[in-house]
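Below, each chain spelled out in residue letters.
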Amino acid sequence: MNIGNQFIKRLRDAVSNSRTRLGVFRSKRNDFIRQYVGKNYSQDGTSNQVPVNLLAQVVDIYARSLVAKNPQVLVDCHAFELKAGAHNFELGMNHLLKEIQFSKTARSIVKDALFTMGIAKTGISAVDAVEVDGIFHDIGQPYIDRVSFDDWVHDIEARDPEEFAFCGNKFRLPLERVKESTRYANVGDLAESADSVYDEDGGEKTSHISRGSEGHNDKALHKYIDLWEVYLPQENVMLTLPVEGGKPILEEEWEGPESGPYKLLRFIEVPDQVVSLSACAKLYDLHLILNQVYRKLGRQAERQKSFVGVQAAAAADGEKIVNVNDGEAIKLTHVDGVKEYSVGGIAQENMAFFIDALGRGNWLAGNLDALGGLGAMSDTVGQDEMLTASASKLVQDFVDVNHNFTKEIVEDAGWYLWHDPLIQFPMVKRVPDTDIEIPIVWGPEDREGDFYDYNVDIIPHSMTNDSPQQKLASLRMIWNEFIAPYMDYYIQAGAQPNFQALLAEIGRYTNMPIVHELMRFGEPSPYAPQVVQAGQGGNSSPVTRRENVRINRSAGTRQGNDNAMMQTLLGAGVQDSQMNNLGGSN
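Residues numbered from 1 in each chain as written. Predicted model: local features only at pLDDT ≥ 70, side-chain atom pairs only at ≥ 80, totals over all residues. Heavy atoms only, no water.

Engineer: What's the story with unusual backbone geometry in this structure? I'm lost.
Structural biologist: Positive phi, normally seen in glycine, also occurs at Gln-101, with a value near 50°. Secondary-structure assignment places Gln-101 in the loop between helix H4 (83–99) and helix H5 (102–115). For Asn-367, which is not glycine, the phi torsion reads 65° and is therefore positive. Looking at the secondary structure, you find Asn-367 in the loop between helix H9 (348–364) and helix H10 (368–372). (Helix = DSSP H or I, 4+ residues; strand = E, 2+ residues; numbered from the N terminus.)

Engineer: Explain helix H7 (residues 279–303) here, please?
Structural biologist: One turn of the α-helix equals 3.6 residues, which is why residues spaced by three or four share an orientation. Its 25 residues place the ends of H7 36 Å apart at the C-alpha level, agreeing with the 36 Å of an ideal helix rising 1.5 Å per residue. Maximal helix bending in H7 amounts to about 35°, located at Asp-285. Ala-279, Cys-280, Leu-283, Tyr-284, Leu-286, His-287, Leu-290, Asn-291, Val-293, Arg-295, Leu-297 and Gln-300 are the residues of H7 that are buried. (Expected span 1.5 Å × (residues − 1). Bend = angle between axes of the 7 residues up to and from the residue. Buried < 20%, exposed > 50% of the residue type's maximum accessible area, 1.4 Å probe, protein only.)

Engineer: Would you take a moment to explain the packing of aromatic side chains for this structure?
Structural biologist: The way to describe two aromatic rings as a pair is by their centre distance and the angle between their planes. Scanning the model with the defined rule gives 15 aromatic pairs in all. Centre to centre, the rings of Trp-418 and Tyr-454 are 5.2 Å apart; their planes meet at 50°, and the pair counts as tilted. Within this pair, whereas Trp-418 is found in helix H12 (residues 396–419), its partner Tyr-454 is found in strand E16 (residues 454–458), the two being separated by 36 residues in sequence. Judged by its relative accessible area of 3%, Tyr-454 falls in the buried class. (Phe/Tyr/Trp six-rings, centres within 6.5 Å; stacked < 30°, edge-to-face > 60°.)

Engineer: Sorry, what's going on with the pattern of salt bridges here?
Structural biologist: Think of it this way: side chains of opposite charge can pair up when their charged atoms draw near. For the structure on display, the rule yields 17 salt bridges. Each of Arg-29, Asp-112, Arg-146 and Asp-150 takes part in salt bridges that share partners, so that together they form one network. (Salt bridge = Lys/Arg side-chain N within 4 Å of Asp/Glu carboxyl O.)

Engineer: Help me understand the sheet that holds strand E11 (residues 262–265) in this model?
Structural biologist: Strand pairing in a sheet relies on backbone hydrogen bonds, with the paired strands running either antiparallel or parallel. The antiparallel open sheet is built from 3 strands, whose spatial order is E5-E2-E11. Edge positions in the sheet fall to strand E5 (142–146) and E11, since each has one partner strand and no second. Taken over all neighbouring pairs, the strand axes of this sheet differ in orientation by 20° on average, direction set aside. Where strand E2 (residues 118–124) and E11 come together, 4 bridges link them in antiparallel fashion. In the sheet register, Ala-120 faces E11, and the bridge partner there is Lys-263. (Pairing = 2+ DSSP bridges. Axes fitted to C-alpha atoms, helices over the stretch in contact; angles between N-to-C directions.)

Engineer: Whenever I open this one, the nonpolar core confuses me. Can you help?
Structural biologist: Soluble globular proteins tend to bury their nonpolar side chains together. Counting 87 residues, the largest nonpolar core has Phe-89, Phe-102, Leu-114, Trp-152 and Phe-267 as its most contacted members. Every residue in contact with Leu-114, bar those within four places of it in the chain, is listed here: Val-59, Tyr-62, Ala-63, Phe-267, Ser-278, Ala-279, Cys-280 and Phe-398. One finds Ile-3, Ile-8, Leu-11 and Trp-228 within the second-largest nonpolar core, a separate group that totals 13 residues. (Core = buried A, V, L, I, M, F, W, Y, C linked by side-chain atoms within 4.5 Å. Contact = heavy atoms within 4.5 Å.)

Engineer: Looking at this model, I keep getting lost on a negative patch on the surface. Mind explaining?
Structural biologist: On the surface, a cluster of negative charge is made up of Glu-81, Glu-448, Asp-450 and Asp-453. Along the chain, Asp-450 turns up in the loop between strand E15 (437–442) and E16. Owing to a relative accessible area of 38%, Asp-450 belongs among the partly exposed residues under this scheme. (Patch = residues over 30% accessible without salt bridge, like charges linked within 9 Å, V, L, I, M, F, W, Y side chains within 5 Å. Areas by Shrake-Rupley, 256 points an atom, 1.4 Å probe, with all protein chains shown as cover. Lys, Arg positive; Asp, Glu negative; His and termini not counted. Charge placed at Lys NZ, Arg CZ, Asp CG, Glu CD.)

This is the structure:
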C-alpha cells in the first residue's frame, strides 16, 4: 500500500495529539520511578529523603515473584504424526529464549507494568541490519524487546488495544548508519536529533534521571536521529518516520503475526481504558505519607535534648554530676537542687500513626512480609505457610496475567522462528529413559505441517525460582507421600529405588556434595534383610506410622508487636504476653 502525503499529515497530527494526552501518565510514571530510586541514586532523584521505600519494596518483591528465569516452552499438537516435530520445535523455542536472554527482558517489562504499563515488541532482524530500535541483534534472529513507556504512543481514542488505529514507539539510531543503510529512503535531508531532557511536550524523560541535564550531544561518540516506528493495523503497514518531520524513510507491508508487533502487559485493567492502573499508583499516596511522617519523626528525634538543671545554691553539686564517671559515687549537698530534664523528642501519637500506616501499606500490597519472607507473620511455621499461600493468591491474578502475556509474545517469537527460511539452531536431544544426548540442528527442513497445527504454551510457574529449601521440601514430600508408602508395589512392578540419585539431589539442595559419598553402594549383600511384599504376611509392614507432636512457642509477629507498640504509645493497656514478645522473651 502506498501511503500518501495527506495520510502522513493526519497520522502525525494523531500521534502528536495522543502523545500530548499520554503525557500525564508519563509524568506520573516519572514521579513513581524517582521515588523508587530515592535521593541517593543520582542528582536527579527525589529532593527529599526516602527512608521507608514502600514502592521499591513492592516492585522488587513482585518482580521477583513474577519473573526469575526463562519460561519453559511447551509445544503440543493433536496430530500424532506431528508429535516428533512438536518436540523439536519445543527444543528450538527454549533454545531461542535462552539465546536472546529473554528472562532479562521479561523482568524489565514486568517492572514497567508495576510502574504503569509493560510493552513488548517482537520481530525478526533484517538481513542487512543488526540494529533494531537501537538494540543490536543477530542477523535474521527473532527478537523480543522492551519498549519504554516514555517512547510509546497509541491511538488515544481507542478504549481497548483491539481498537487501535495506530500504535508505535520512538527510538534512536546512529545517523550515519541510517543514511548508509539500503533499507531506508528519503534520508538525504536527515539531521541529528538533540538528546533533550524533555520530550516534545515539555515533560521530563525518565531516562535522564541518571544521566543529568541536557546539552551533551557534542560529547557523544556518534550523532543520532530520533525515529518513529508506527504500526497501522487497518492498513497492515509498518512506517518509519523521522520524529522531527519529513517523509517516511521506510514503508513495509506487515508480514508478521496477525496480532501485530506490540503486546501490552496490564496488571490492573480499568474499564474502557487502555492504560492500566499500576501497583505503584495504588500505593503512591501512602508511600508519600509514610516518608513525610518518618522524616518528621527524624527531625523530632534530632531536636530531643537531655540536660541537668541546677539551682544556684547547688552549683557545686551540678559540676560534680557533670564530671562524675559512670558507676562512681559522689557526695551531694543539695540533692533537691539538681534535676535532669528532657525536652523535645518523638511525639508518641506520630509514631503510633506511622506504625499503623506501615501496617496498612503491608496489607494493601498483599502482605509483603509473607510474599518477601521478611519475618514471621503468625505464631507457628504451619500458620506462616498458610499465610504465605494466602498472600500468593492476592498476586495470583498478576501471575495469571503475566503468564498469558508471556505466552502471547513467546508464541509470536515462535511464529518468526517457524517462518524464518534461514535459521539453524544447534540443539541437544536426550533419548528418553537414558543419559544419552544426541546433538542435532533444527532448521527449515525439520518443520512438519503448519505453524498453527501446534499449540505453543509455557509451563505454569516455570518463570519463578524455587529456593533449594523449597526443592528439598518438595523432594521430601514426593518421597514420603508417593514413593515410600508404596515401595513394595514398586518393587513388585520391577522398579528399584535409586538411593544414589536421592542422596545426590539432597546434597545438591543442601549445598553439601559430600552427602552422596557418605554411603558406598555395591552388590546387594546376601545377609541384607528381605523386603516383605504386600500380601505375604510378616511381623511388620514396611510402612510405619509415626506421630509428631510439636510444641509451638510464640515469638511474636510483626503485626502483633506493632499493635502492642501502638497501644503503649497511646497509653492503652498491654497484656504481659505482648510485653514479653516486644522484649523478645519466650
